[in-house]
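# Structure assessment
If you want the building blocks of each chain, they are given just below.
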Amino acid sequence: MSTIAHKGNYRELYPPIEPYDTGFLKVSDIHTLYYEQSGNKAGNPVVFVHGGPGGGTSPTDRCFFDPSTYRIILFDQRGAGKSTPAAELKENTTWDLVEDMERLRKHLGIDKWVVFGGSWGSTLSLAYSETYPEFVKAIILRGIFTLRREELEWFYEGKGANMLFPDYWEEYVDYIPEVEHCSFMNAYYRRLTSEDESVRIEASRRWSKWEMATSHLFINDEKVAKPANQSTWALQFARIECHYFVNGGFFKSANQLLDKAENIRHIPGTIVQGRYDVVCPLDTAWKLHKKWPEAEFHIAPDSGHNSQEPATRTFLLNATDKYKNL
């Protein structure tokens, strides 16, 4: 286990690049996914699995990978980013997304790929890799999240994170009448699925602002302002997140991802976790480490949840470099 990334050794992301290929893949009668490829056309395939669910990808996500050696695949999950229809909840479950990843792999003619995901992306990466381990070369995970009830209650139900950010929690809570405080997630879900667009937008803004405010060790004002400035993104993010959370991630059991870790123990892997991650606390990463001791385990000592914090970013770049010639 490594816990230190020396400040003098912090790394910057690879330079920005543009995709050499973009497309849309129809995965159901309702949903069509956006995908893109960048880097080396003949390189080692890696799929970036974004967070949320509902967060979508961004150009910066390409920059965790050496473009001279990696064939970099990004895709927006159902209802997220450029995928259509935006914020759609029908036919949108974890297992739909697992099968979408498999459809995309086949569509692109890829035999095996490296799987990279953080936050909800770690959830989906685990679900996919545990279901289709034969198609996974290596796994890189950050900010581990398995949708256990205690993880959700810690962050969304006033069971922990609220005590560290009472100022931002107040705005999240005050929107919900006291009679509904027995379940904030269910209360928000009612509003995020309201027929009144103004209610959906306001609920999505408050839900998303709470997560943006708590995602960095030092509050990032630009991220905090994002839900107000990007209403479509906020609606995708909040609606899809809440949909998954009130449904327990559509898992058969609370510990399903941890219990199925046996399926991936033979696959090379790296786990990176911020010591002060408030969104996805270290406890879950530690439990995965115990279930998957063969994987490298790194605690970024001065990081919260965000992948761009220097120690976390450095550990992730080191991991992608390690697996780039598999």
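Thresholds applied
For every chain, the first residue of its written sequence is number 1, and the numbers climb from 1 along that sequence. Only residues with pLDDT of at least 70 are given local features in this predicted model, and only at 80 or more are side-chain atom pairs given and counted; all residues enter the totals for whole chains, interfaces and linings. Heavy atoms throughout the structure, all of them, feed into the side-chain values; hydrogens and water do not. Between Lys or Arg on one side and Asp or Glu on the other, a salt bridge is scored when a side-chain nitrogen of the former is within 4 Å of a carboxyl oxygen of the latter. A run of H or I in DSSP counts as a helix once it spans at least four residues, and a run of E counts as a strand once it spans at least two, with each numbered from the N terminus. Partly exposed describes any residue whose relative accessible area lies between the buried limit of under 20% and the exposed limit of over 50%, with all areas from a 1.4 Å probe on protein chains only and scaled to the type maximum. Contacts are residue-level and defined by heavy atoms, with any inter-residue pair within 4.5 Å sufficient. Being paired, for any two strands, means DSSP has found at least two bridges between them. Interaxial angle, 0 to 180 degrees, is taken between N-to-C directions of lines fitted to C-alpha atoms, where a helix line uses only the stretch in contact. Cavity means a closed set of points on a 1 Å grid over the protein atoms alone, one where a 1.4 Å probe fits but cannot get out, pocket means an open set with protein on both sides within 12 Å along at least 5 of 7 lines, and lining means a residue has an atom within 4 Å of a point. Grid points are joined across faces, edges and corners, and a volume is the space filled by probe spheres set on the points. Under the scheme applied here, ten amino acids are nonpolar (Ala, Val, Leu, Ile, Met, Phe, Trp, Tyr, Cys and Pro), four are charged (Asp, Glu, Lys and Arg), and all others, including Gly, are polar.

Attention shifts here to the pattern of salt bridges. Under the criterion given, the structure shown has 23 salt bridges. We note a salt bridge from Glu102 to Arg105, for which the minimum N-O separation is 2.5 Å. Here Arg105 and Glu102 lie together in helix H1 (residues 94–107), a separation of 3 residues that amounts to about one turn. On the accessibility criterion, Glu102 (3% relative accessible area) is buried. By sharing partners, the salt bridges in this structure join Arg148, Glu150, Glu151, Asp283 and Lys287 into a single network.

Turning to the environment of Leu74, a few remarks are in order. With respect to the helices and strands, the residue Leu74 is situated in strand E4 (residues 70–75). Spatially, the C-alpha atom of Leu74 lies 20 Å from that of Thr270, the residues being 196 residues apart in sequence. With sequence-adjacent residues up to four places away left out, Leu74 is seen in contact with Tyr34, Tyr35, Glu36, Phe48, Thr57, Ser58, Asp61 and Arg62.

Here we come to the sheet that holds strand E3 (residues 44–49). Hydrogen bonding along the main chain pairs the strands of a sheet, whether they run parallel or antiparallel. Spatially, E1-E2-E4-E3-E5-E6-E7-E8 is the arrangement adopted by the 8 strands of the open sheet, whose pairing is mixed. Each end of this open sheet is capped by a strand with a single partner; those strands are strand E1 (21–26) and strand E8 (296–300). The mean angle between the axes of side-by-side strands here comes to 20°, regardless of whether they run parallel or antiparallel. Bridge count for E1 against strand E2 (residues 32–39) is 6 bridges, and the pairing is antiparallel. By the bridge assignment for E2, Asp21 is matched with Gln37. Strand contacts of helix H2 (residues 120–131): E3, strand E5 (113–118) and strand E6 (136–142), with the helix running at about 145° to E5, the strand carrying the most contacts.

The next thing to look at is the layout of surface pockets. One number sums up the size of the largest pocket: a volume of about 710 Å³. What lines the largest pocket is a set of 29 residues, and nearest its centre among them are Gly55, Gly56, Lys223, Lys226 and Asn306. Elements that contribute at least two residues to the lining of the largest pocket include exactly E3, helix H6 (197–214), helix H7 (221–229) and helix H8 (231–246). Counting residues per element, the lining of the largest pocket draws most heavily on H8, at 3 residues. Along the lines of polarity and charge, the residues of the lining of the largest pocket split into 5 nonpolar, 19 polar and 5 charged.

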